[in-house]
Amino acid sequence: MSRERADSQGSLGPDDEVMPYSDDETDDELDPSSDEERPQVEEAKSTGKRLGSGWRVKANDRAFCNLPEFQKKYFLCLKKSKYAGNGIKTYKYNALTFIPLNLFEQFKRAANLYFLALLILQIIPEITTLPWYTTLVPLVLVLGITAIKDLVDDLVSDSDLLLVGCISILHPLSKWMNIHVGDVVRLKKNDHIPADILLLSSSNPNSLCYVETAELDGETNLKFKMGLKVTDERLQEEGQLAQFDVCEEPNNRLDKFTGTMRWRKDRFPLDLDNMMLRGCRIRNTDECHGLVIFAGADTKIMRNGGKTRFKRTKIDELMNYMVYTIFVILVLLCAGLAIGNTFWYEEVGSKAWYLYDGKDQTASYRGFLSFWGYIIVLNTMVPISLYVSVEVIRLGQSKFINWDLQMYYQEKDTPAKARTTTLNEQLGQIEYIFSDKTGTLTQNIMAFKKCTIAGHTFGKTNLLHPVDFTWNKYADRKFEYLDHSLVACIRSKKDKDTLEFFKLLSLCHTVMVEQKEDELVYQAASPDEGALVTAARNFGFVFLSRTQDTITISEMDQEMTYEMLALLDFNSDRKRMSIILRFPDGRIRLYCKGADTVIYERLSPNSKHKEIFANETLRTLCLCYKDISKQEFDAWAKKHKAASVAMGNREAALDRVYEQIESNLMMIGATAIEDKLQDGVPETIAKLAKADIKIWVLTGDKKETAENIGYSCKLLTDDMQIHYGEDVNEKLRIRQANRRDQPPAFGRTRKKVPDPFFPEPGRNALIITGGWLNEILYEKKKKRRRLRLKRLGKRPASATPQDAAQPIDDWEKETRQVDFVNMACECEAVICCRVTPKQKANVVSLVKKYKKAVTLSIGDGANDVNMIKTADIGVGISGQEGMQAVMSSDYAFAQFRYLERLLLVHGRWSYIRMCKFLRFFFFKNFAFTLVHFWYSFFSGFSAQVAYEDWFITLYNVMYSSLPVLLVGLLDQDVNDKLSRKFPKLYLPGQQGALFNYKNFFISLFHGIFTSLVIFFIPYGAFLQTMGQNGEAPSDYQSLAVVMASSLIFTVNMQISLETSYWTFVNCFAVLCSIAIYFGIMFDIHSAGIHVIFPSTFTFTGVASNALRQPYLWLTIILTVGITLLPVICIQFLYKTIWPSVVQRNRKKYEMEEVEEEKSTPFQRGRRSRRSAYAFSHSRGYADLIASGRSIRRRPATARPNPRDSIREIPQAENI
C-alpha cells in the first residue's frame, strides 16, 4: 500500500512508468511556477535583468560562441568558451603529462617510495653497505616496464575509440573532432551522428528521419525524428539559417529536450522529437541536414558516461598495507641491531686494538650509522622485483583470456578481450553482479510463440519440423513456427474467430511499411509490435500500405482497404491501443489490443475465454473488438475532436474520451511473444548463484517487462515473495521512525547486528522503479528543495523529527541508505527498472560503500557506461548494440554466458595463482633476508652481509624467480570443467581466504624458521670441523656458499611441493634455476674473472674448494631436509585430517548434481498470472500517421536543391 508522498508537489507516490532524472536536473528544468518563486521571476522581468545567458546557438556562426558573455574561467584568470569542442579525449596521458602523471601513480605504491628512499641512503658514503646502482638499476627497470605497459594500454584504449569515432563529416573533409556548435552538417544513410543535432530537413517527406538508438539504450527498433515544418519548407538559404538560435543548458536527460527557435520575430518550440543524439545512427533516410546544438563533453551520451576511475584490486591494496607492515618490522629489526652494535662496540669493539679503524666516533653514533646500514642490508624483505613479477603474471592471465576459444563467438567473429591487465585476480572475488537487461540478458529479438483463439491454444513446441510458408508469396523467410494445425485452420477458412484474430493483428498497429526490391520492410515503434505484424503477414494477413486515413492489407491473397476513422495510441498509462475502422461494407468496428490487466476491466459481461497463458514467461497481449453503430461513433467523434484541440491537459482529456469508447469489448484471444534470451542465460545465472554471487538487474525498461524477463532467466521463481517500491518504502519508514524514537545516544553509537527486514522464512525478491529509488534515498526531494531555496536566497533549514519524509541530517540519510542496502542484500534477487544511467551507478556505489563488496557491472549500451566505470570490474557486451560499453569496459565478450567462464575459471585461477605466488614470494625473501639478521649476532652487528654481493643481486632475478613465476601463470588446483561443475569452489576468493594477514604472518614465520635452519646448521657444522685434506673449511666465504646453496635447494624444492599442476615447463624451470645458480657461481668464483675485475669478484676459488668436501654436501642435504620436513608433514595432515574444499566436498557436490537432475513436480506459487504485455517502450507512430506527414509526397518543385543553398559539412568516407 503506497502512502502519500511528501515532496514539494504534494503528489502521491512516484510513477512507475517514468524514468526520473531529478538527481541531475539543471535549474532551468525545474519550472519556477510555485508561489514562493514567482516574485523573484516577476522582479527579474520588471527590472529587465537576465536570469542567465543560457545556451544560445547561431547557425553557421562560430564566432558567436566565443563572445565574452559565453566565456568561463577554467584556470586562475584564464577563460575559454563554455561551448565544448567535439573532440573526446579517452586517453589518460599526453606528451606533457605522461611522465609526471605515470610516476605519480607508480609512487602511490609504497614499495616504489621505499626503494626511492633506499636509493638516497645508498648515496651517502658513511651509511651505504651496497653500491647505489644495485638499487637504481632495478628501480628504473621496474618504473620503465610499468610505464611502457600503461602507455600501451592507453594507446590501445584510444585506438579502439578511433575505430568508431573518426568517421568524418567534412567541412570540407573534416573529422568529428573539428565540428563546432552552430555548424550545419549533412548526414547520409547509415552514418553515425557525431553530436547532438537539431534536425532541419531530410530527403524523406516532411523531414522525417529514422534513427537507431542501440548504442544509447540497447534497443534495436527504429525511432523517428522530425524537423520543424518551418525549417523543412522555408529555411533553405544560408543567410536565413544564421538568424535563429535555440536554448537549453547541457544535461544528462536522454528523454527530454526543451528549446526555442527564434526566427523572423517568431518562436517555435523544440522537443526531443526534433533532436538526433550523438551515438545514434541514421537509418532508412538517404540524407538529412542538422544544426549542432551540443558537442563533445556536452552531449547527452557523454553526460551519462560518468568519470573514469583508477581501479585497483583488493590484493593491490592489501599488498600496500603489507609493505607498510614489513617496513615497520624492518625498522624494529634495524633498531634492535643498532642498539646491539652500540653495546657491542662499548664492550668489545672499543677495547680490541685490531678493530681500530682510525675514526673517533662514539658508540651511539656508530649505532646510528649501523641502523641505516642495516636498512640497506635488509632491504630485500621488500623485493623490488615483486611488482614486475605481478605485472608479468597479470599480462599472462590477460592473454589467456584473449586466447580462450571457449569464449570466442563464431557467429560474429568476436573473441573475448581483456582490455586491462591489472584486475584479473579481482575476477575471482566477485560478490555482486549488476546487469543490464536489453541486449545483455536478452537479444532484443521478439518471436511469436503461441496464441489462444476462442479458447483454443496454438503453439506446440515439441514438434520437430517448422511450418512451410512457401504458399504465401509475402512470407518472411526468417519467421519460424512449429504448430502446423494453426496454418491448416487458417487455410481452411472455416474458423471465423481465427481469421478475425489475424485480421486484427494486421490492422491494429502503428507500423510503417516500405517497399524494397519487391520485399516489404516493416518499421515498428517496438520489436514486439513488429513481431505481431510479421506473424500476421506469414499467416496470410499482410499489411501492405497505409495513408493518412486508410489501411490496405492482403487477406489470404485478397487485397482489402479499410478506412481509418480514429487511432487511439498506446501510452504507459493506458497500456493498450485501439483503432476504429470502417469496413468496405460500411460496418464500423473497434479493434483493441493491450495488457490483460486493463483489457479484462473493459470486457463485456458476455465475453468468454479469459484465461490466457497463466504461468508462462511470455509477453502476452489480449485482442478484442467492438462493433459500433454510426450514431454512437458520430457522438463520440465530436467529443474526440473537442478533446484533441483542448488548450490545457490535452492528453488527460483524450484519455477520458478514449475510455468511453473502449468499453464492453469482446475477447477474441491473446498472443504470446518470447523476448529471446541470449543462449545460456538461465544456466549461467543459476551457476553463478550457486557460487554465492548475487545478481541485480538494473534496466531502463518497464516494470512488467523487467519482471517477466526475471522469470524467463530464472532469476525470479514462483516460490519467491516479491516486494515492490511502496512496500520497501513503508518498511524503511517504519525502521526510521523506530530509530528516531530511541534515545539519541542509543540510536547513534550502539553497534549491533540490525534486525532482518524479512524475518519470515522463505525467499524474497525486490522489484523497485527509479521513482521509488529516488523517493527512498531522498534524492528527488533533496534536489528540488535545494534548488528552490537557492533561488529564494535562503539557507535550507534542517527537518524536524516530526517530518517523516525528510532526513534530519546527513547521518540519518546515510542510515537510510544502509537500511536499503541491507534490505536488498537480504533478497535472493533485485530488479531495478525505469532507472537512469546515473541511478545505475548510484546503486553500484551504495553496495560498494556499505557492503565493502567486490562488484561487477555488465552492459552493452551507452546508458550502461556510468555503471561499468563505477563497479570494481566493468564488462562490455560487444554485440549489435554498438561499442560504447566495450570502450569503457575492462573486459569484453559477445555473450552473457561467457561471464560464467570468465569468473569461475579465469577469475578463480587468477586469484589462486596470484595468492600462491605472493605467499611464496614473501616466504622466499624472508628466508633469504633474515639470514643476515642471525649472522649479525656473530659479526659484531657491523652490517656485514652474510652472502656474496653477486648472490644478493641475482637471487630474485635469476635463481628463484622463474619457478614461482610459472606457478603464478600456470598453476591449477582443478581443471576448468570441475571449476564450472562445482561453483562452491569460488567461495574462498569471495572470503579473501587465500591471501590475508593470516597468510602473510604464516609466510613470515615460515621464513623465520627456514632462515634459522639455513644459518645455524651450517654454522654448527663449520664451528669445529676439519676438511678431508686436513684443512679447516670454516672460513666466512665457504659458509656463505653453503648457506646460499642450501637456500637455493630449499626454495626451489619448496615451490615444487606447492605446485598443483605440473607441466614440462615447471619441471624445466626448477632444474634450470638450480643449474643457473651453480653455473654462475663457478664462473664468478673463477680466477680468470678475478684477474679482470679484482675488486668486484673477491670469492676466488671458493666454490670449487668448498663443494668438493663431502662433509659440506652432507651439511647442505641436512639443512634442506630439516627445512622441508615440517612442510611435508603439514601437507600430509591437511590432505588426510583437514582436507581442502575440493577434497572434502567432491562427493557432496556430485550428489547435489544428481538430485538437481531429478525431475520435480511443478508447484504453483502465489502468483496466478505473469503477463508482461508485449508493446512499445514508448508512444507509437500514431501522431505521425494521423498527421499524414510521413505519407504525403512533397511537390517536386516546391523547394530548391539544398546542396546549392546551404553551407554544409559534407560527409567523408568512413575511416
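Heads up: the structure comes first, above all this text.
Residues numbered from 1 in each chain as written. Predicted model: local features only at pLDDT ≥ 70, side-chain atom pairs only at ≥ 80, totals over all residues. Heavy atoms only, no water.

Chemist: Which residues make up the overall build of the protein chain, and what values go with them?
Modeler: Of the regular secondary structure elements, the protein chain holds 41 helices and 31 strands. Expressed as a percentage of its 1215 residues, the buried residues of the protein chain come to 56%. Residue pairs in contact within the protein chain that sit at least 24 positions apart in sequence constitute 76% of those at least 6 positions apart. Carbon together with sulfur atoms contributes 57% to the accessible area of the protein chain, which is approximately 54300 Å² in total. (Helix = DSSP H or I, 4+ residues; strand = E, 2+ residues; numbered from the N terminus. Buried < 20%, exposed > 50% of the residue type's maximum accessible area, 1.4 Å probe, protein only. Contact = heavy atoms within 4.5 Å. Areas by Shrake-Rupley, 256 points an atom, 1.4 Å probe, with all protein chains shown as cover.)

Chemist: An account of a nonpolar patch on the surface is requested, with residue identities and associated values reported.
Modeler: Taken together, the side chains of Ile1130, Phe1132, Leu1133, Tyr1134, Ile1137 and Trp1138 present a nonpolar region at the surface, about 640 Å² in accessible area. Taking the relative accessible area as the measure of exposure, tryptophan 1138 reaches 47% and is therefore partly exposed. (Patch = residues over 30% accessible without salt bridge, like charges linked within 9 Å, V, L, I, M, F, W, Y side chains within 5 Å. Salt bridge = Lys/Arg side-chain N within 4 Å of Asp/Glu carboxyl O.)

Chemist: Got a sec to walk through the sheet that holds strand β10 (residues 281-283)? Specific residues and values, please.
Modeler: Strand order in the open sheet formed by 3 strands is β6-β5-β10, and the pairing between neighbours is antiparallel. Each edge of the open sheet carries a strand with a single partner, namely β6 (222-226) and β10. Between one strand axis and the next, the sheet turns through 45 degrees on average, direction left out of account. Both strand β5 (residues 208-212) and β10 contribute to a ladder of 3 bridges, which runs antiparallel. (Pairing = 2+ DSSP bridges. Axes fitted to C-alpha atoms, helices over the stretch in contact; angles between N-to-C directions.)

Chemist: Talk me through the packing of aromatic side chains; I want residue IDs and the actual numbers.
Modeler: The tally for this structure, following the rule as stated, stands at 54 aromatic pairs. Aromatic pair tyrosine 321 and tyrosine 324: ring centres 6.2 Å apart, planes at 70 degrees, arrangement edge-to-face. Of this pair, tyrosine 321 and tyrosine 324 both sit in helix α9 (residues 314-347), 3 residues apart, which is roughly one turn of that helix. Feature note: the residues Phe933, Trp934, Tyr935, Phe937, Phe938, Phe941, Phe1015, Phe1016, Tyr1019 and Tyr1036 constitute an aromatic cluster, connected by ring pairs. (Phe/Tyr/Trp six-rings, centres within 6.5 Å; stacked < 30°, edge-to-face > 60°.)

Chemist: Run through the pattern of salt bridges, naming residues and quoting values.
Modeler: When the charged atoms of two side chains with opposite charge come close together, those side chains can pair. Taken as a whole and assessed by the stated rule, the structure comprises 37 salt bridges. Glutamate 662 serves as the salt-bridge partner of arginine 574, at 2.9 Å between the closest nitrogen and oxygen. Placement of arginine 574 in the loop between β20 (558-568) and β21 (576-582) and of glutamate 662 in the loop between α17 (650-661) and β24 (666-677) is noted, with a sequence separation of 88 residues between them. The buried category is assigned to arginine 574, whose relative accessible area is 3%. For arginine 733, the salt bridge goes to glutamate 730, with nearest N and O atoms at 2.6 Å. Here glutamate 730 and arginine 733 lie together in helix α20 (residues 725-741), a separation of 3 residues that amounts to about one turn.

Chemist: Mind laying out helix α35 (residues 1064-1084), listing which residues take part and the relevant values?
Modeler: Between its first and last C-alpha atoms α35 spans 30 Å; for 21 residues at 1.5 Å apiece the expected length is 30 Å, and the two agree. All of the buried residues along α35 are Asn1066, Ala1069, Val1070, Ser1073, Ile1074, Tyr1077, Phe1078, Met1081 and Ile1084. An end-on view of α35 places all buried positions within 155 degrees of arc, on one side of the element. Among the exposed residues of α35, those oriented more than 90 degrees off its buried face are Phe1064, Leu1071 and Asp1083. (Expected span 1.5 Å × (residues − 1). Arc of directions from axis to C-beta.)

Chemist: Which residues make up the sheet that holds strand β31 (residues 891-893), and what are the values?
Modeler: Paired through backbone hydrogen bonds, the strands of a sheet run either parallel or antiparallel to each other. What the 9 strands build is an open sheet, ordered β12-β31-β30-β29-β13-β25-β28-β27-β26; its pairing is mixed. The outermost strands of the open sheet, each flanked by one partner alone, are β12 (417-418) and β26 (720-723). As defined by bridge partners, strand β29 (residues 855-859) adjoins strand β30 (residues 873-877) across 4 bridges and the pair is classed as parallel. In the strand pairing of β30, leucine 856 is matched with isoleucine 873. Sitting on the sheet, helix α19 (residues 703-712) touches β26, β27 (763-769) and β28 (829-833), and the angle it makes with β28 is about 150 degrees.

Chemist: Summarise the nonpolar core; cite the residues concerned and give the values.
Modeler: What tends to happen in soluble globular proteins is that the nonpolar side chains get buried as a cluster. Judged by nonpolar contacts, the single largest core of 99 residues is most densely connected at Phe917, Leu918, Tyr947, Phe951 and Leu1047. The element contributing the most residues to this core is helix α28 (residues 898-936), with 17 residues. Leucine 918 has contacts with Ile315, Met319, Leu386, Val390 and Phe995, leaving out every residue within four places of it along the chain. By size, the runner-up hydrophobic cluster in this structure holds 61 residues, among which are Leu520, Ile551, Ala1182 and Ile1185. (Core = buried A, V, L, I, M, F, W, Y, C linked by side-chain atoms within 4.5 Å.)

Chemist: Would you mind going over the state of the cysteines in detail, with residue names and values included?
Modeler: Scanning the model with the defined rule gives 0 disulfides in all. For the unlinked cysteine cysteine 825, the closest cysteine sulfur is that of cysteine 827, found at 8.7 Å. (Disulfide = S-S within 2.5 Å.)

Chemist: Can you tell me about the pairing of β21, naming the residues and giving the values?
Modeler: Taken across its 7 residues, β21 has 6 buried, putting it largely inside the fold. Pairing analysis gives 5 bridges linking β20 to β21, with the strands arranged antiparallel. By the bridge assignment for β21, methionine 564 is matched with leucine 581. Pairing geometry for β21 and strand β22 (residues 588-594), over 7 bridges, is antiparallel. Residue pairing in the sheet places leucine 581 in a bridge with arginine 589 of β22. A loop of 5 residues connects β21 with β22, the two strands running antiparallel in sequence, and glycine 586 in this loop sits at a positive phi of about 95 degrees.

Chemist: Tell me what's going on with unusual backbone geometry, and back it up with residues and numbers.
Modeler: Phi is positive for aspartate 557, which is not a glycine, with a value near 75 degrees. Inspection of the secondary structure puts aspartate 557 in the loop between β19 (550-555) and β20. The backbone of lysine 852 shows a phi angle near 50 degrees, a positive value even though the residue is not glycine. Mapped onto the elements of the fold, lysine 852 is located in the loop between α25 (837-851) and β29.

Chemist: Kindly report on the side chain of aspartate 483, identifying the contributing residues and their values.
Modeler: Within the element layout of this structure, aspartate 483 appears in the loop between β15 (456-458) and α12 (484-492). Within polar-contact distance, the side chain of aspartate 483 engages the backbone nitrogen of glycine 459 at 2.8 Å. Polar contacts involving the side chain of aspartate 483 include one to the side chain of serine 485, which spans 2.6 Å. (Polar contact = N/O pair within 3.5 Å; in protein donor to acceptor, adjacent residues only side chain to side chain.)

Chemist: Talk me through the packing of helix α33 (residues 997-1023) against helix α38 (residues 1110-1136); I want residue IDs and the actual numbers.
Modeler: At a closest axis distance of 10 Å, the pairing of α33 and α38 adopts a crossing angle of 155 degrees. It follows from the interaxial angle that α33 and α38 lie roughly antiparallel. As α33 runs across α38, the sense of the crossing is right-handed. Contacts between α33 and α38 pair His1006, Phe1009, Thr1010, Val1013, Ile1014, Ile1017, Pro1018, Ala1021 and Phe1022 from the former with Tyr1111, Leu1112, Thr1115, Leu1118, Thr1119, Ile1122, Thr1123, Pro1126 and Val1127 from the latter. (Parallel < 35°, antiparallel > 145°, perpendicular 65-115°, else oblique. Left-handed = near helix turned anticlockwise from the far one by under 90°.)

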